[in-house]
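# Structural description and commentary
So the chains spell out like this:
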Amino acid sequence: MTVELPARARVVVIGGGVIGCSVAYHLAHAGWTDVVVLERDRLTSGTTWHAAGLMTCFGSTSETNTGIRLYSRDLYARLEEETGQSTGFRPVGLIEAAADTDRLEEYRRVAAFQRYLGLEVEEVSPAEMSALFPWAKTDDLVAGFHVPGDGRVNPVDLTTALAKGARQLGARVIESVRVTDVLLSDDRVPQVTGVRTESGEIECEYVVNCTGMWARELAARSGLVIPNQAAEHYYLITDTIEGIDPNGPIFEDPSSHGYYREEGGGMMVGLFEPRAAAWRVEGIPADFSFGTLQPDWDRMTPFLETAMSRVPITLEVGVRTFFCGPESFTPDLAPAVGEAPGLRGYFVAAGMNSVGVLSAGGLGRVLAEWITAGRPDVDVTGFDVRRFQAYQADDDYRAARTTEILGTVYAAHTPGKQLHTAREALLSPVHERLVAQGGYLREVSGWEGADWFAGVGVAPEAEPTWGRAPWFEHWKVEHRAVREGVGLMDMSFMAKFAVGSGPTESAEEVLSRLCAGPVTAERGRITYTQMLNDDGRILADITVTFTEDGDFFVVASDTAHGAVHDLLIRGGLDVRDVTADYAQLNPQGPLSREVLASLTSADLSTEAFPFRTARRIEVAGVELLCARITYLGELGYELYVPADAALKVYDALSDAGAPHGLRPVGLKALSSLRMEKAYRDYGHDIDNTDCPLEVGLGFALDWDKEFVGKAAVLARREANKAAGGMSQRLVQIRLTDPDPLLHHAEVVYRSGVPVGYVRAASYGWTLGASVGLAFVSGGGEPVTPAWLAEGDWTVDVAGVQHAAEVSLRPMYDPTSARVRD
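The following refers to the structure shown. (Residues numbered from 1 in each chain as written. Predicted model: local features only at pLDDT ≥ 70, side-chain atom pairs only at ≥ 80, totals over all residues. Heavy atoms only, no water.)

With five of its five residues buried, strand β6 (residues 143-147) lies for the most part within the structure. Neither face of β6 is open: one carries Ala 143, Phe 145 and Val 147, the other Gly 144 and His 146, and all of them are buried. Of the strand pairs in this sheet, strand β5 (residues 122-124) and β6 are connected by three bridges, and their pairing is antiparallel. The residue of β6 that forms the bridge with Glu 122 is His 146. (Buried < 20%, exposed > 50% of the residue type's maximum accessible area, 1.4 Å probe, protein only. Helix = DSSP H or I, 4+ residues; strand = E, 2+ residues; numbered from the N terminus. Pairing = 2+ DSSP bridges.)

Shown next as structure tokens:
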């Protein structure tokens, strides 16, 4: 069938599921009505049509994700009034069951955090759960959490309402048109110019890939990596159950792998089994629309029996349907959202991990804002599409990871939990030494990093826990080695780029403009700096080394690898990713100079090699780049060693350090050491919504030059002066009781009033208690040292208030004398 297409549109949204229709709806509401949605078959085909329709908000310790869900819930409740089309939303309530003490601890922490963000949630007893949902067996449960405003929605009706709302504002929704390719210019950073379909081409400035489980294949045609993979996803619907209430609440028991709600007079039993099955790894059939998959009864029966045992009536009545359909999942269970790396105008909203319906409203709003304003207005560091790497598109990798990742939807989030499939994708050049020294390995953006070391010849063992574990002793010893002696840390997973001049400007000119710090002021120096957007918000947190030869070497965190590479490319630079070419070996601690000096003829005295010096020297006969810099708060060095010589240098450092008590140091100590010094970590305690002034990074700005975002930061600085100070600040916070542990998202109170929450935390072995970085708001008052001192500070840890102290300055070595001497 030939479909008549418009010759052009400003935006083409590819995919007519609930996500694509929400993006179009919100673009139209933002005033961008020249939007076309292209759906290859009919709206909701693929996965939306068979979604369970849960609209639940409970469970996240992300402000962004909670906000997305709360917005979605509100939108679905009011959309019928606007469009005349029902969404089927019914606020029947949610009960989340905690079957053990670990889940109870987690849910109490989640509940405290989400209450702060506006979610109505209360803890209920097993008896109260039974009264709310009498079909469940609750006598073996510990507690539950009731969210009366959560509920259910009809996914097809919701999608129809969003499409209708978009049409009413002028957007066009066209079915039965399959997009075969995205058209790009031949610029150095290609710009979207249109789409090619089986019915012709449409010229456009923007495309939004909302193609669900087809997103990976469509993106690959443009050289992009979106490694979402379809998996079998199941739910069962029983025959009619007498007396079941169609307006009864949703009941979830993750420990039984199940969720439960009324459906057509029977009970729906939805499943997230701990070991799943990938579907069509080689590619999703182009003509798959409203199809179902053959259920694997043999594989699923044990999981199904566990789930149905939680609601015994489901075992007593017949089975009306045992449904199996595909849902797509990403390797880290976070969606793929944002502007694609290396392309202009190509946006993505895919990989919803079975929460597409409950996320669609808020995610559509976020993406529409991102497109129309040129930047997002929420923290997107956790789901930025630029985080993916090429190895993740491999068929074997996706097949293996998908078997595990689906089950993590309902897995407990106890600290120490990690994934076990598709590991060892990336290995440090000194990996064999980490293993030999008893390193407890965890995945670090695909790399194998050592969290802590059990010792040579000792097999490291650890169980996830919210409390203290036996391995804490290893962590403490490593922490103290750096504070009091010397430690050696492998950070080869850090992203590294050799940066050169582009076709029109020199690297020096471009980096000076892109970076807010004085990165080009002096050769032979390493500079800690931020890259900002036009609004003066942080896009990247990096170091730039201006070598003695006039070259530039940029280092970013592992999680920011793709984003920083993209920013440098867009800035007009020639960029070589040399991450795998160099190990990063860091001797750190008061005795690090003595150890390193014994292996080199270079003068490492403070007079000859002061803080921030970066110079090529020879260590153990190997030429390398040595930077005197630290992320741990002590005298220390970062050594960038050619990968093929890394083992030689690592062994030489270990041998030379032995008389000084040198220890291998893992990532747990990295966290505790940097947190005591209040060093920031982009994507954890600072993000793309932050102004450098508010998060204590004003010292890193070079006001004597021009840089992107300077005007906005200057305006903010002047406004702060006029107001007597900043209305919100990132502060360091320390509990006064040494026993409770902080992790993330604990709510902070000033004199009984909630004013913010902990963004990241660790245990401070030197400070003697848990320590973190919290973003707090003055509620109309400036956040000054006096305002902090006048308050009584507490932190909610799983529902219990603990006294705390706060500071704008680092509590450990506030003058950085130990770093500079």
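One closed barrel accounts for six strands, arranged β33-β36-β35-β34-β37-β38; its pairing is antiparallel. Pairs of neighbouring strands in the sheet enclose a mean axial angle of 40°, with direction left out of account. Here strand β37 (residues 793-797) runs beside strand β38 (residues 800-807); their pairing, made up of five bridges, is antiparallel. The partner of Val 795 across the bridge, within β38, is His 802. Across the sheet, helix α3 (residues 101-116) touches β34 (747-750), β35 (753-764) and β37, and the angle it forms with β35 is around 140°. Packed on one face of the sheet, helix α17 (residues 667-676) meets β33 (728-735), β35 and β36 (769-777) and runs near 130° to β35. (Axes fitted to C-alpha atoms, helices over the stretch in contact; angles between N-to-C directions. Contact = heavy atoms within 4.5 Å.)

Under the counting rule described, the total for this entry stands at five cavities of 30 Å³ or more. In this structure, the largest cavity spans a volume of roughly 60 Å³. As for the largest cavity, its lining consists of Leu 434, Ala 450, Phe 453, Leu 488, Met 489, Asp 490, Tyr 650, Val 665, Gly 666 and Leu 667. Secondary structure elements with two or more residues in the lining of the largest cavity: β21 (447-453) and β22 (487-490). Looking at the lining of the largest cavity element by element, the count peaks at three residues for β22. Of the residues assigned to the lining of the largest cavity, the class counts are eight nonpolar, one polar and one charged. (1 Å grid on protein atoms, 1.4 Å probe; cavity = no way out; pocket = protein on both sides within 12 Å on 5 of 7 lines; lining within 4 Å. Points joined across faces, edges and corners; volume = space filled by probe spheres on them. Nonpolar A, V, L, I, M, F, W, Y, C, P; charged D, E, K, R; others polar.)

Right, let's talk about helix α13 (residues 507-514) for a bit. When we look at burial in α13, the residues that qualify are Ala 507, Val 510, Leu 511, Ser 512 and Leu 514. For α13, the secondary structure elements touched by its buried residues are β23 (495-500), β24 (525-532), β25 (538-546), β26 (552-556) and α14 (561-570).

Taken by themselves, the reported measurements are silent on function.
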